[in-house]
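In case you want the letters, here they are:
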Amino acid sequence: MNTLAGNKFYWLVKREFWEHRGGFLWAPLITGAVFLVLNLMGIITAEVVGARHGIHFGASGEMQHVISQMDAGDMSQVGMALDIAMYSSMALIFVVMGFVVFFYCLGAIYDERRDRSILFWKSLPLSDSETVISKVASATLVAPVIATLAGIAAGILQLLMVAVTLSFHGVNVWQLLLLAHPLRVAFNMIGHIPLYLLWALPSVGWLMACSAWARTKPFLWAIALPVATGLLVTWFGIMGLFNLSAGWFWQNVVARALFSAFPGASLIADDDLVHTGKNNLDFMNLSNTYHLLGSANLWIGVLFGAALIAVAIWFRRWRDDG
Amino acid sequence: MSAIVTARNLSKRYKNATALDNVNFEIQSGRIVGLIGPNGAGKTTALKAILGLTSFDGELSVLGYDPRTQRDKLMEQVCFIADVAVLPRWIRVREAIDFVAHVHPRFDRAKCEGFLKRTKLTPDQRVRQMSKGMIVQLHLALVMAIDARLLVLDEPTLGLDILYRKQFYQSLLEDYFDENKTIIVTTHQVEEIEHILTDLMFIRDGKIVLDTDMEAVGDRFAEVMVNADKAAAARALQPLDERQVFGKSIFLFDGADRATLEALGEIRRPSVSDLFVATMKGTYA
């Protein structure tokens with residue numbers, strides 16, 4: 001019975017992947033490819049323009065000479081620059097993934113009601129909770145895992161591209177690559193996925209609850225309700241009753257409901273993180289990002305997320321469009 | 001015989017209308033029941049209640065389960081085709097089979113593939129590339145491969161041409177139905193299912209107005225073709241309905257004495273559609 005339940009869940013997730021292959025798989029792959037091609041074109045353009053103007057940057061080995069003269073501090077700066085190049089190639093993929101997850105959640109339950117295919121899914125022995133949770137798993141695990149893998153691949157290619165270009169200017173590629181930390185970057189990104197899941201829950205829950213509840217235009221409801229509440233709270237200074245500013249409401253309620261499913265949102269929201277490690281990339285390390293686990297913000301969000309998912313399950317069970 | 005569906009005082013009210021009004025009925029195992037009524041009579045609501053798709057008042061037991069609270073268990077033994085074209089448009093034939101095979105414990109994959117071999121559907125075809133008739137073929141192949149005890153069909157052939165409609169009911173009878181299965185079907189194309197039904201239920205304004213098996217229909221109702229000179233005598237027997245054909249009158253009687261009727265003219269068994277029209281007179285007035 002247990003294996004059957006697990007098997008069912010696997011197929012439910014697979015079903016979501018079939019339907020949303022474009023967003024989950026092709027969007028990150030194409031974004032990564034476009035980013036790399038643009039970069040390559042940029043590098044080629046720079047090389048061509050450089051050559052035409054007779055600038056032979058580092059051709060006689062001065063570049064290598066410069067590197068050999070660097071002390072440990074400078075070296076770590078080069079490494080950081082390379083790591084940033086790697087992170088940056090991932091950033092675009094994650095922005096795209098954020099949009100994919102946002103709209104996936106909004107449509108996840110609404111679309112099947114609109115095209116009436118919900119009647120087919122409901123003719124099978126699948127409970128509403130299994131189904132909705134498989135959708136949550138698709139948004140918070142399948143999408144980020146694929147995006148992360150695509151991001152790591154793009155990042156490594158980006159790193160190689162930079163290194164090979166520099167090698168044309170007399171820099172030792174291997175020495176350079178040793179300065180970067182591709183494994184650490186990859187490890188940080190993969191390790192971030194569970195944290196992403198927890199942080200994204202209130203947003204995923206809110207969007208899916210709207211998707212399950214709205215008779216029409218879930219997008220409008222999902223945006224309008226929190227924003228209108230935020231405006232009311234601001235105008236009437238309601239948060240003053242709790243000794244909190246209206247800004248607190250926008251940041252901790254409105255933004256959490258709408259934008260938490262964008263990867264990296266937790267980094268921006270984590271004040272401590274921004275203040276530690278200003279001048280290096282250590283703030284991306286899991287030892288730093290995971291101290292969010294100690295914040296009430298995260299766990300209250302998880303609770304609200306779980307409650308909203310329960311609401312979505314209830315509406316999927318009982319919503320009767322006649 | 002055991003009851004598959006038992007309804008006691010089943011009611012469903014929407015904001016401004018009563019869809020089901022204290023309905024009582026029982027459906028036995030191994031029957032093919034036609035649930036027939038005009039638009040808005042409550043057919044779909046009754047089916048939705050049986051399938052646990054809507055809330056209701058009163059008691060309803062389907063295969064011993066309460067569809068409100070035990071829907072997940074119930075759906076292992078119940079199947080339905082709610083409408084044509086509810087299959088998701090993105091799904092491929094092969095994906096649909098794979099999916100159902102892995103989530104439904106009573107699905108027989110070989111059977112389904114056998115049914116599909118008789119059609120023009122190919123494994124890579126998507127639902128959005130199919131005609132309505134082909135979608136129903138796929139849906140029916142999936143459903144018939146499930147060994148369910150109760151199959152519910154809500155207007156399953158709406159919008160299909162006559163070839164697909166005939167094929168649909170023929171497949172159901174030949175390849176699916178047996179004494180352990182029960183089928184409930186609603187449709188407006190009464191003439192086409194008349195000969196396959198074992199039971200008949202008429203529903204009007206949320207009430208069951210006729211609940212009988214087909215054999216009893218012949219005993220209880222009679223249609224008599226009466227010459228003009230005997231028409232007044234026939235009218236005195238309070239017929240359900242009267243219509244004129246070629247200068248003769250055709251009367252429909254409910255439970256009238258056979259011998260009396262034979263004296264009036266030639267007796268026939270009424271068709272379900274004539275019975276339906278007579279019973280539903282004035283519905284839209």
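Residues numbered from 1 in each chain as written. Chains lettered and ligands numbered in written order. Predicted model: local features only at pLDDT ≥ 70, side-chain atom pairs only at ≥ 80, totals over all residues. Heavy atoms only, no water.

1. Here's the deal with the overall build of chain B
Move 1: Across its full length, chain B carries 11 helices and 13 strands.
Move 2: Principal axes of the C-alpha set define a box for chain B whose edges measure 70 × 40 × 40 Å.
Move 3: Counting every position in chain B, which comprises 285 residues, the buried fraction comes to 54%.
Move 4: In chain B, the proportion of contacts linking residues at least 24 apart, taken out of those at least 6 apart, comes to 69%.
Move 5: Just so you have it, chain B exposes about 12,800 Å², and 48% of that area is on carbon and sulfur atoms.
Move 6: Averaged over its 37 positive side-chain charges, chain B has a centre that lies 6 Å from the centre of its 39 negative ones. (Helix = DSSP H or I, 4+ residues; strand = E, 2+ residues; numbered from the N terminus. Buried < 20%, exposed > 50% of the residue type's maximum accessible area, 1.4 Å probe, protein only. Contact = heavy atoms within 4.5 Å. Areas by Shrake-Rupley, 256 points an atom, 1.4 Å probe, with all protein chains shown as cover. Lys, Arg positive; Asp, Glu negative; His and termini not counted. Charge placed at Lys NZ, Arg CZ, Asp CG, Glu CD.)

2. Some thoughts on the overall build of chain A
Move 1: The helix and strand tally for chain A stands at 15 helices and 0 strands.
Move 2: In chain A, buried positions account for 47% of the 322 residues.
Move 3: In chain A, the share of contacts with a sequence separation of at least 24, taken over all contacts with a separation of at least 6, comes to 82%.
Move 4: Element-wise, carbon and sulfur atoms account for 73% of the exposed surface of chain A, whose accessible area totals about 15,600 Å².

3. With respect to the side chain of E112 of chain A
Residues and elements named next belong to chain A.
Move 1: By secondary structure assignment, the location of E112 is in helix α5 (residues 110-114).
Move 2: Classification of E112 by relative accessible area gives buried; the value is 4%.
Move 3: If sequence neighbours within four positions are ignored, E112 has contacts with R15, S117, I118, W121, K135 and R316.

4. Some thoughts on the interface of chain B and chain A
Move 1: With 32 residues of chain B at the interface, the matching set in chain A holds 25 residues.
Move 2: For the pairing of chain B and chain A, the buried interface totals around 2,800 Å² over both sides, and the portion due to carbon and sulfur atoms is 67%.
Move 3: The largest share of the area that chain B buries against chain A comes from W90, F99 and H102 of chain B, three residues that together contribute 25% of it.
Move 4: A salt bridge links R21 of chain A to E95 of chain B; the shortest N-O distance between them is 3.6 Å.
Move 5: Here chain B is connected to chain A by 5 residue pairs in polar contact (both at pLDDT 80 or more).
Move 6: Elements with a contribution of two residues or more to the side of chain B that touches chain A: α2 (71-74), β5 (78-81), α3 (93-103) and α5 (132-144) of chain B.
Move 7: Top contributing element to the side of chain B that touches chain A by residue count: α3 of chain B, with 6 residues.
Move 8: Of the residues assigned to the side of chain B that touches chain A, the class counts are 18 nonpolar, 6 polar and 8 charged. (Buried area = accessible area lost by both parts, 1.4 Å probe. Salt bridge = Lys/Arg side-chain N within 4 Å of Asp/Glu carboxyl O. Polar contact = N/O pair within 3.5 Å; in protein donor to acceptor, adjacent residues only side chain to side chain. Nonpolar A, V, L, I, M, F, W, Y, C, P; charged D, E, K, R; others polar.)

5. Examining helix α10 (residues 218-236) of chain A
Move 1: Taking 1.5 Å as the rise per residue, α10 of chain A with 19 residues should run 27 Å; its terminal C-alpha atoms sit 27 Å apart, in good agreement.
Move 2: Of the residues making up α10 of chain A, those classed as buried are P218, A222, P226, G230 and V233 of chain A. (Expected span 1.5 Å × (residues − 1).)

6. Quick word on the layout of surface pockets
Residue and element names in this part refer to chain A.
Move 1: For the second largest pocket, the calculated volume is near 400 Å³.
Move 2: When residues of the lining of the second largest pocket are traced back to their parent elements, those giving at least two are α9 (182-213), α10, α11 (246-259) and α15 (296-318).
Move 3: If one sorts the elements of the lining of the second largest pocket by residue count, α11 sits on top with 7 residues.
Move 4: Within the lining of the second largest pocket, the residues separate by chemical class into 13 nonpolar, 4 polar and 1 charged. (1 Å grid on protein atoms, 1.4 Å probe; cavity = no way out; pocket = protein on both sides within 12 Å on 5 of 7 lines; lining within 4 Å. Points joined across faces, edges and corners; volume = space filled by probe spheres on them.)

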